[in-house]
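Fold and geometry: a report
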Amino acid sequence: MNKLLLAICTICILCAGPLYAQNQEVICTMTVEDIQRDQPFDIDHYKSEFVSNIATDIFEELNLIYNMVNNNDTTDVAVHIENIHSSIEEADEIDMNYTMFEEDFEFIETLD
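Residues numbered from 1 in each chain as written. Predicted model: local features only at pLDDT ≥ 70, side-chain atom pairs only at ≥ 80, totals over all residues. Heavy atoms only, no water.

Attention now goes to the pattern of salt bridges. The tally for this structure, following the rule as stated, stands at one salt bridge. Note that Arg 37 and Glu 33 form a salt bridge whose closest N and O atoms lie 2.7 Å from each other. Of this pair, Arg 37 and Glu 33 both sit in helix H2 (residues 32–37), separated by four residues, roughly a single helical turn. (Salt bridge = Lys/Arg side-chain N within 4 Å of Asp/Glu carboxyl O. Helix = DSSP H or I, 4+ residues; strand = E, 2+ residues; numbered from the N terminus.)

The subject of this paragraph is helix H3 (residues 47–70). One turn of an α-helix holds 3.6 residues; hence residues three or four places apart share an orientation. Taking 1.5 Å per residue, 24 residues should reach 34 Å; H3 reaches 34 Å between its end C-alpha atoms and fits that length. Where H3 terminates, the next one or two residues include Asn 72, which has phi positive at roughly 55°. (Expected span 1.5 Å × (residues − 1).)

This part is about the side chain of Asp 104. Take Asp 104: it is sitting in helix H5 (residues 102–109). Although Asp 104 lies buried, it forms no salt bridge, and the closest oppositely charged side chain, Arg 37, sits 19 Å away as judged by the N-O distance. A polar contact of 2.7 Å, which involves the side chain of Asp 104, links it to the side chain of Tyr 66. In this view, Asp 104 contacts Glu 25, Val 26, Ile 27, Cys 28, Leu 62 and Tyr 66; residues no more than four positions away in its chain are not counted. (Buried < 20%, exposed > 50% of the residue type's maximum accessible area, 1.4 Å probe, protein only. Lys, Arg positive; Asp, Glu negative; His and termini not counted. Polar contact = N/O pair within 3.5 Å; in protein donor to acceptor, adjacent residues only side chain to side chain. Contact = heavy atoms within 4.5 Å.)

Next up on the list: the packing of aromatic side chains. Pairs of aromatic rings are described using the distance from one ring centre to the other and the angle between the two planes. Tallied over the full model, the rule gives five aromatic pairs. An angle of 85° between the planes, with centres 6.4 Å apart, marks the rings of Tyr 46 and Phe 50 as edge-to-face. Exposure remark for Phe 50: the relative accessible area of 42% places this residue in the partly exposed category. Ring centres 5.2 Å apart and planes at 10° place the aromatic pair Tyr 66 and Phe 107 in the stacked group. Of the two residues, Tyr 66 sits in helix H3 while Phe 107 sits in helix H5, which places them 41 residues apart along the sequence. The exposure class of Tyr 66 is buried, given its relative accessible area of 2%. Put simply, the rings of Phe 59, Tyr 98, Phe 101 and Phe 105 pair up and form one aromatic cluster. (Phe/Tyr/Trp six-rings, centres within 6.5 Å; stacked < 30°, edge-to-face > 60°.)

By themselves, these figures tell us nothing about what the structure is for.
Laid out in structure tokens, this is it:
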């Protein structure tokens, strides 16, 4: 009887596992300061402040998008994707390296 109960519990756990999918979250694990240091210019350069602002904006937008995905409500995701595109344009203007967000960008492009 105990073996049967154990077998049933094991089967239930194995079958229920996929139902508890992990939440999506920002893939980039770098801090804003790490991103500032990973630029083609010195961290003391005046552009570093812009890098900080742009990276923070991108993180905020990505968090909003991932929260929307996790809540199965992506109706307004296009607005946040457009905000990220605007941040990318700003980054391009100052020659900012934003490759650390590439995997996140690839993910959100599948939502567009």
